[in-house]
Each structure stands twice: as C-alpha cells, then as structure tokens.
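Structure assessment
So you can see what is in the structure, the chains are spelled out below.
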Amino acid sequence: MQTVLFTSTIFGPIHSRRLGTSLGVNLMPNDGKICSFDCLYCEAGYNAQGPGTTGVPKRETVKKLLKHKLEEMKAAGQKLDVITFSGNGEPTLHPQFKEIVHDVISLRDQHYPEAKVTVLSNATMAGKPSVIAALKLVDNNVLKLDSAVAHTLRLINRPTSPNVLPAGIIEDLKAFNGKCIVQTMMVRGEHDGVIIDNTTDAEIDALINAYLAIAPQEIMLYTIDRKTPEEKLVKVPVDDLKRIARHIEAKTGIYVQVTA
Ligand code: SF4
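So, a few notes on the structure that sits alongside this text.

Thresholds, definitions, all that
Residues numbered from 1 in each chain as written. Predicted model: local features only at pLDDT ≥ 70, side-chain atom pairs only at ≥ 80, totals over all residues. Helix = DSSP H or I, 4+ residues; strand = E, 2+ residues; numbered from the N terminus. Buried ≥ 20, exposed ≤ 12 C-beta atoms within 10 Å, placed from the backbone. Contact = placed C-beta atoms within 7 Å. Near = placed C-beta within 6 Å. Nonpolar A, V, L, I, M, F, W, Y, C, P; charged D, E, K, R; others polar. Pairing = 2+ DSSP bridges. Axes fitted to C-alpha atoms, helices over the stretch in contact; angles between N-to-C directions. Arc of directions from axis to C-beta. Parallel < 35°, antiparallel > 145°, perpendicular 65-115°, else oblique. Expected span 1.5 Å × (residues − 1).

1. What to know about the overall build of the protein
Along the backbone of the protein there are seven helices and 11 strands. For the protein, the spread of C-alpha atoms along the three principal axes comes to 50 × 40 × 35 Å. Here the protein holds 260 residues, and 42% of them are scored as buried. Long-range pairs, those at least 24 residues apart, make up 72% of the contacts in the protein with a sequence separation of at least 6.

2. Concerning the site of the ligand
Taken together, the residues surrounding the ligand are Cys35, Phe37, Asp38, Cys39, Cys42, Ala44, Gly89, Glu90 and Asn122. Partitioned by chemical class, the residues of the shell around the ligand number five nonpolar, two polar and two charged.

3. Describing the sheet that holds strand 9 (residues 218-223)
One open sheet accounts for eight strands, arranged 1-2-3-4-5-6-9-11; its pairing is mixed. For this open sheet the edge positions go to strand 1 (10-16) and strand 11 (256-259), each flanked by a neighbour on one side alone. Mean inter-strand twist for the sheet, computed between neighbouring axes without regard to direction, equals 25°. Relative to strand 4 (residues 116-121), helix 2 (residues 97-111) is tilted by about 150°, and along the sheet it contacts strand 2 (20-26), strand 3 (82-86) and strand 4.

4. Observations regarding the sheet that holds strand 10 (residues 233-234)
Read from one edge to the other, the open sheet built from three strands follows the order 8-7-10, with strand pairing classed as antiparallel. For this open sheet the edge positions go to strand 8 (194-197) and strand 10, each flanked by a neighbour on one side alone. Here strand 7 (residues 188-191) runs beside strand 10; their pairing, made up of two bridges, is antiparallel. Residue pairing in the sheet places Arg188 in a bridge with Val234 of strand 10.

5. Notes on the environment of His94
As for its placement among the helices and strands, His94 is situated in the loop between strand 3 and helix 2. The class for His94 is buried, based on 25 C-beta atoms found within 10 Å. Here the alpha-carbon distance between His94 and Ile34, two residues 60 residues apart in the chain, equals 9.7 Å. Ignoring any residue separated from it by four or fewer positions in sequence, one finds His94 in contact with Leu27, Val56 and Ile100.

6. Details of helix 5 (residues 166-174)
Every buried residue of helix 5 is listed here: Pro166, Ile169, Asp172 and Leu173. An end-on view of helix 5 places all buried positions within 125° of arc, on one side of the element. Residues of helix 5 that are buried in the fold lie against strand 5 (140-144), helix 4 (150-156), strand 6 (181-186) and helix 6 (201-214).

7. Considering the packing of helix 5 against helix 6
For the pair helix 5 and helix 6, the least separation of the axes is 8 Å and the interaxial angle reads 30°. Relative to helix 6, helix 5 is oriented roughly parallel. Contact residues: helix 5 offers Pro166, Ile170, Leu173 and Lys174, while helix 6 offers Ala210, Ala213 and Ile214. Here the residues of the contact of helix 5 with helix 6 sort into six nonpolar, no polar and one charged.

8. Describing helix 7 (residues 238-252)
Taking 1.5 Å per residue as the helical rise, helix 7 with its 15 residues ought to reach 21 Å, and the 21 Å between its terminal C-alpha atoms agrees with that figure. When we look at burial in helix 7, the residues that qualify are Leu241, Ile244 and Ile248. All buried residues of helix 7 fall inside an arc of 70° around its axis, so they share one side. Along helix 7, the residues that are exposed and aim more than 90 degrees away from the buried face are Asp239, Arg246 and Ala250. Of the surrounding secondary structure, the elements contacted by the buried residues of helix 7 are strand 6, helix 6, strand 9 and strand 11. Following helix 7 by one or two positions, Gly253 has its phi on the positive side, about 75°.

These results come straight from atomic positions and should not be treated as a statement about function.
As structure tokens, this is what we get:
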C-alpha cells in the first residue's frame, strides 16, 4: 500500500497543477499520516499506516526550516508562486496551526511578498474558532467538499468521526462569508463492491445547492492524478469535468476552475 508522500516538514518547490510553483508546508509527521478523513483517493495513503514516530513539528521548527528554505531560494533567484499547507494529513489538526499561519505569512512578507499563502484543508475543523481566524488570514482558503450527500461523502472521504456530515461542513463554510474556495474531487469507481460516482445528476444538483449556500469566491473541480490507495478508482475524463463545470457555473454564477 502507498504510504506517506512527504518525508520533510518543508518540501519542494514542486509544480502544482492548480497552484503553480509551490513550496509545501507539512504540519503532520514526516513518517506517518494523521487525518480526520481517510479518503479512498488520498495520495498520502490510508490512515491505517499509522501516525509514525516523529510527531508533528514544533512551531519553532517550522519557522526555522521555512526561513532557511526561503533564504536559500531567494539567493538562488528561484521563483515562488505560493506557499501551501498540505502534506501527510490535515494541517488544521496541528495544535498551533493559527500561530504557524501567522509565522508563515510574516516570512512570506519578508522574503516573497508577491507569493500567496494557501491552505488545503478538508474542512472538518472549519468550525473551530482558532482555525477560522487563521483561515481568514490566508490568500487562498481552499476547503474540500466532495459530496453534499451524506452517504457519498462517508463513502469517499471516510471521516474518522461519525459526526462529520455534509450539512455541518456546509454550515461551517457559509460562515466564511464567501472568503473561501471550495474544492471538489470528482471520482468514479468502486470500493468493497460499492459503486462510487459523485458526478451523477443527483450528486451535482446537491453540490450546486451547497455551492449556492456557501457562495465561495471560486470552485475547483479536479480528478485523480496519481496512484490511489483504492486502485479501483478512475479518472473522470476532462470533457466530463468541463461539462459539469459549465453546468455549475450556469446554475450558480460562480467561477469553476477545472484541473485535469
Ligand atoms: S483529507 Fe486530504 S489528507 Fe486527509 S485523507 Fe483526504 S486527501 Fe488525504
């Protein structure tokens, strides 16, 4: 089975399909995964691999490593579009997430003021006051909503808590008053004999209602790109993604970015 993707706290820069030249900040362990979801498509593998032994990095360590990397990149004349919180799990689970966001913004301002700060989050902590405060500070507050249908979300994202349901996530996302980007992974396939497809008309209608309620600044639709832990998942063809995107735009008036 696929295991952790990132073996360091600061990784890259890498070229991101959606974000450009991106320097990654992994607030989860370097040798394990911690997430409040356990998505069938997670590039970091399933949660079953365990949290590893390194623990989460300390705030001071993140700051020191990022400062060093940014100075090194600047000295080498490297370009940087974005500093992205992602990695081996859910970044907002870090107990000092808010403080680290402050540090990262301050380092960005000093070294690459033109670069954006992006958080890729699964939105399960988007109701926690300190997380809300931090997410409101970043340039790109990207929050996941793969399905507005409870059984589909539970099938694809497999939340570790039984209390995580689309209705609650949608309520939390509404509270950002539009200062968020909703990202939706479009996926088809099968898991344990159950068909998975969040691209059906009923699924898209439910997502449209959710997008209308949340009113994000943008919607990102994408599909799987690499090997996934559930090997019976398939990429949604780009023509289907574009057709779905046009339909969502027509119904909501919200810009939909497609990454295939
Ligand atoms: S939310 Fe992200 S990190 Fe967590 S399991 Fe899903 S894809 Fe992986």
